[in-house]
Structure formats: structure tokens, C-alpha cells
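Examination of the molecular architecture
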Amino acid sequence: SNSYMRDQEGLEKYGVAARYKFTDNLAARYRFDHNAVLSQLMPLDVTNTQAPFESLETQTAQIVYDDAQYLAELEYQYRNLDQVQDVANLMPDPTNQIPFKNGVTGKVGYHINDRLLPYIKVQTAMGGKNDYQFGGGVRYEVMQSLFAYLEEMVGPLGDSTYFGFE
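The structure reproduced in this document is the subject of the present report.

Rules of the game
- Residues numbered from 1 in each chain as written.
- Predicted model: local features only at pLDDT ≥ 70, side-chain atom pairs only at ≥ 80, totals over all residues.
- Heavy atoms only, no water.
- Pairing = 2+ DSSP bridges.
- Helix = DSSP H or I, 4+ residues; strand = E, 2+ residues; numbered from the N terminus.
- Axes fitted to C-alpha atoms, helices over the stretch in contact; angles between N-to-C directions.
- Buried < 20%, exposed > 50% of the residue type's maximum accessible area, 1.4 Å probe, protein only.
- Polar contact = N/O pair within 3.5 Å; in protein donor to acceptor, adjacent residues only side chain to side chain.
- Patch = residues over 30% accessible without salt bridge, like charges linked within 9 Å, V, L, I, M, F, W, Y side chains within 5 Å.
- Areas by Shrake-Rupley, 256 points an atom, 1.4 Å probe, with all protein chains shown as cover.
- Salt bridge = Lys/Arg side-chain N within 4 Å of Asp/Glu carboxyl O.

Read from one edge of the open sheet, nine strands run S1-S2-S3-S4-S5-S6-S7-S8-S9, paired in antiparallel fashion. Here the strands that pair on one side only, and so sit at the sheet edges, are strand S1 (11-21) and strand S9 (160-165). Neighbour to neighbour, the strand axes of the sheet diverge by 15 degrees on average, direction disregarded.

Along the chain, aspartate 86 falls in the loop between strand S4 (70-82) and helix H2 (94-97). Expressed as a C-alpha distance, the spacing of aspartate 86 and aspartate 45, which sit 41 residues apart in the sequence, is 7.5 Å.

What follows is about unusual backbone geometry. In this structure, the amide linkage connecting methionine 42 to the following residue, proline 43, adopts the cis form with an omega of -15 degrees. Looking at the secondary structure, you find proline 43 in the loop between strand S2 (26-37) and helix H1 (44-47). Phi at asparagine 48 takes a positive value of approximately 55 degrees, unusual for a residue other than glycine. Following the sequence through the fold, asparagine 48 ends up in the loop between H1 and strand S3 (55-66). Its identity is not glycine, yet serine 145 carries a phi of approximately 70 degrees, on the positive side. Within the secondary structure layout, serine 145 lies in the loop between strand S7 (132-143) and strand S8 (146-154). Residue classification places serine 145 among the exposed positions, given a relative accessible area of 55%.

As a further point, take the side chain of histidine 111. Of note, histidine 111 is situated in the loop between strand S5 (102-110) and strand S6 (116-126). A polar contact of 2.9 Å, which involves the side chain of histidine 111, links it to the side chain of aspartate 66.

Nonpolar side chains collect at one region of the surface, where Tyr20, Phe22, Leu26, Ile63, Tyr65, Tyr70, Leu74, Tyr110 and Ile112 lie side by side and expose about 900 Å² of accessible area between them. Secondary-structure elements contributing two or more residues to the nonpolar patch are S3 and S4. Relative to the helices and strands, leucine 26 is located in strand S2.

The next point concerns the pattern of salt bridges. Taken as a whole and assessed by the stated rule, the structure comprises two salt bridges. As a salt-bridge pair, arginine 31 and aspartate 33 come within 2.9 Å of each other at their nearest N and O atoms. Arginine 31 sits in the partly exposed class, given a relative accessible area of 38%. Among the ionic pairs, lysine 121 bridges to glutamate 151, the shortest N-O distance being 3.3 Å. Pair noted here: lysine 121 is in strand S6 and glutamate 151 is in strand S8, with a separation of 30 residues, a long-range link. Residue lysine 121 shares its accessibility class with glutamate 151, and that shared class is buried.

What follows is the structure, given as C-alpha cells:
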């Protein structure tokens, strides 16, 4: 975790990830992330601290197929969110304003060449909420194992644009 980011101050963060390659084209990934307000800042009302949550644990499982021509990804995410009890100590953010327990994402893409991959994507929260987005983007391999992304997603609860490197 980057302790210099203002919105991350006062949080403990850790995670673990694993990847299992079934074949050259098929792999499974798993990731566990834990985020929580530092114990020194609890209870929030006594320390007069605002936070987006008291704790958040996220488990993500993915199945990825990539044969260098077609890409298909299916992702399931489970979130266990422990909300801030007193609204006076709540720092609003998407995690607590649009909470969900179970979410699913699907992504399909086509490799135009070795570096360029346009894709379409859909994601939804399960549980009866009107929380879904659809859209697409492009992934460009800048150098080996460094990718640039430009993605646009739209949905009833808002739109999102992502530009980043992974």
C-alpha cells in the first residue's frame, strides 16, 4: 500500500494473490484483500475520525482464456463490508454509497496484433439492485508485461472512465 496517498491514510491493507495455469491458454486467479481502519483510530466517534468503512474484505476469483487471438475472462467478486456506524464519521465513497456483496464481470476481446487488444465488458452486482455497467476498452502492451488501458463503462448509477497501467 502507498502510505503517501491521502485517501489511504489510517488504513491497514494487505492482500495475497495466486494464479494457477491449467494450460497455455487457460488460467485461474484468486485474490484476497483486507482493508481496515487502524485500531488506534477506533472507535471513530471518540477519535473524531472519518472513514469510508470500518473494514472491507474482498475475495476475487477469475477464469481467463487467452489463445493470442481471443480473450475471455469471467470474474466473481465477494465483498464483506463493515460499514461505519455513525454517519458523522462516514467519508462517502463508491464502496459505501453503492455497496454490494456479490458481483460478476465478463470480458471478451480480440487481439488485433501482438500488442493491441480491444474488448467489450459487462459487470453487475447480484442481489436485485439496478447496479450494472457495460462498455469496452483497449489494452496496449507498452513493453513485456506492462499494459496501458483505456476503458469506458456506462450504467444507470453512473459512468466511469479508466486510464491506467498494470
